[in-house]
Amino acid sequence: MEVIPVEVRLRVLAGQVYAAADLGMWCFNMKRELMYSTCPYENEFLNFLKLGECMDYLYSRSEGWERPVILNDPIGLIWIGETTYREGQPDLMILMGPLFLNRTSVKHIEETLRSMESSVFIRRQMSRILDHVPVIMMPMMTQYALMLHYTIYEEKILSGDCYYQNGETVDTSFGIMAEKPNIEISRAASDRERNVEQLLMQGIREGNPEFIVGLNKQVELAYTLVSDTGDILRDSKNTVLVFNALCSRAAVEGGLSPTTAKEVESRYAREAEVCDSVTKLTRLNNQLVHEYTMRVRECRENPHISQEIQSACDYIKANALKELSVDEISKSAGYTPYYFTKKFYKETGVRVTDYIKEMRIEYAKIALVSTKKGIQEISDSLHFGTRNYFSKVFHEVVGMSPTEYRERLEGGTGQEVASADKGRNAGKKKEEKDETGADTDRTYEGARRDRY
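Residues numbered from 1 in each chain as written. Predicted model: local features only at pLDDT ≥ 70, side-chain atom pairs only at ≥ 80, totals over all residues. Heavy atoms only, no water.

**Q** Would you take a moment to explain the overall build of the protein for this structure?
**A** Secondary structure summary: the protein contains 20 helices and 10 strands in total. A total of 452 residues make up the protein; the buried ones form 52% of that total. Restricting to contacts in the protein with at least 6 residues of sequence separation, those with at least 24 account for 65%. As displayed, the protein offers around 21,300 Å² of accessible surface, 51% of which is attributable to carbon and sulfur atoms. (Helix = DSSP H or I, 4+ residues; strand = E, 2+ residues; numbered from the N terminus. Buried < 20%, exposed > 50% of the residue type's maximum accessible area, 1.4 Å probe, protein only. Contact = heavy atoms within 4.5 Å. Areas by Shrake-Rupley, 256 points an atom, 1.4 Å probe, with all protein chains shown as cover.)

See the structure below:
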């Protein structure tokens, strides 16, 4: 079989992506000299590359990059870059772009250009040609990145193997989709999005996590941004907030108490606001879908829990970040501490103190997903006393240490960890003592399942 040189393969790919999406391709040598491009505004976009420092970043990290790199500049332009090698040394620098992931507002572009202190002529010139930048949804952008990698290395990789300029791996399981100017394409994408959303809400109402996992495997979820401020992170947060509200409503329709659903919704809304990247929002979004689904499932499996104990559970969830005592909780339920602890254990299968710890671990998992807080800081905020005790309880509940949990998320999605959580307690036995001190041999999973 004839071996086709990589330069020839890249030339063919350049023509294909330009014909398909008006997406330009650039080829530079290691001296930063442009060999060729298919971009009709070559000189103008070279200025963008210099102003946005994307080229500096790519060349500074060229050695060792054997995966597509997603570059972004302050204006919101996205570039896909990768390096070819000859005899083990960097040879060519290939770029695809520019493109937008959403319709960045003209006002935002103008403000950004002014902040760069570029000349009036350059600002006018750049604003004019930005109208010709293609708008491509994130899942399709990653497909172009995979095509570029295969063209160079003849190796198939996954979308998660790509890198962002800020060092995070790309996660498109909750890809933020831009609106295409073509009305028919937009209408078709909107119809598909609405159908997938309805299926997702159905899975939450039924408390069916297997259905949710299966749906994620069959389709790549992509949601239109609900706002268009020009700030991708802000628009993505707004999208997650709306999606969170929809999931909360579906959970109530599935049988979850409105009080509990509101508590979960408020908690995820707070966590979404402190996320500092789209990747973290993606993971948080996956986790909230899993939690709503599991809570509905628990309600359906044991709908006979008394309203008083349900209210006590809601009270604990809403105040898990505060100092809590059994006396305070029993008072909120209208019982004496002794009677309340007996009743709580009888109906839920776990002790009040253990339930409080489990709820705090749920908060810890969210903090590990969506913030950069240290383990000690998270432990202190949840009143565990010491980091060692927090790590011990976390391992008992989750099946791994806080550090392992965070590292696992660094290499995957919240849904993957949720799937791991599902199986970690299967068949696992845990010795528990009832309130009188007698040992009871129960499966830990069974105790959790009987809680509601």
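That was the structure; now back to the text.
**Q** What's the story with the environment of glutamate 7 in this structure? I'm lost.
**A** Inspection of the secondary structure assignment puts glutamate 7 in helix α1 (residues 6–21). Classification of glutamate 7 by relative accessible area gives partly exposed; the value is 30%. When the C-alpha positions of glutamate 7 and threonine 151 are compared, they lie 9.5 Å apart, and in sequence the two are 144 residues distant. Excluding anything up to four places from it in sequence, glutamate 7 contacts Arg86, Asp91 and Leu92.

**Q** Mind showing me how you'd approach the pairing of strand β1 (residues 25–29) here?
**A** The side chains of a regular strand alternate, residue by residue, between the two faces of the sheet. Across the 5 residues that make up β1, a large majority, 5, are buried. A two-sided burial pattern is seen for β1, the buried positions comprising Met25, Cys27 and Asn29 on one face and Trp26 and Phe28 on the other. Linking β1 to strand β2 (residues 34–37), which pair antiparallel, is a turn of 4 residues; within it arginine 32 sits at a positive phi near 70°. (Pairing = 2+ DSSP bridges.)

**Q** What is the right way to look at unusual backbone geometry in this model?
**A** Among all residues except glycine, the phi angle is most often negative; among peptide bonds, the trans geometry is most common. With an omega of 5°, the peptide bond between glycine 97 and proline 98 qualifies as cis. With respect to the helices, strands and loops of the structure, proline 98 is situated in strand β5 (residues 89–99).

**Q** What am I meant to see in the nonpolar core here?
**A** Soluble globular proteins tend to bury their nonpolar side chains together. By size, the foremost hydrophobic cluster in this structure holds 33 residues, and its most contacted members are Ile316, Ile329, Phe340, Phe344, Ile361, Phe390 and Phe394. Taken together, the elements giving at least two residues each to this core come down to α12 (307–318), α13 (326–333), α14 (337–348), α15 (352–370), α16 (375–381) and α17 (387–398). It is α15 that provides the largest number of residues to this core, a total of 10 residues. The contact partners of phenylalanine 340, leaving out residues within four places of it in the chain, are Ile309, Ala312, Val326, Ile329, Ser330, Ala333, Tyr335 and Val352. Of all hydrophobic cores here, the second largest spans 29 residues; its members include Ile80, Leu101, Met138 and Ile157. (Core = buried A, V, L, I, M, F, W, Y, C linked by side-chain atoms within 4.5 Å.)

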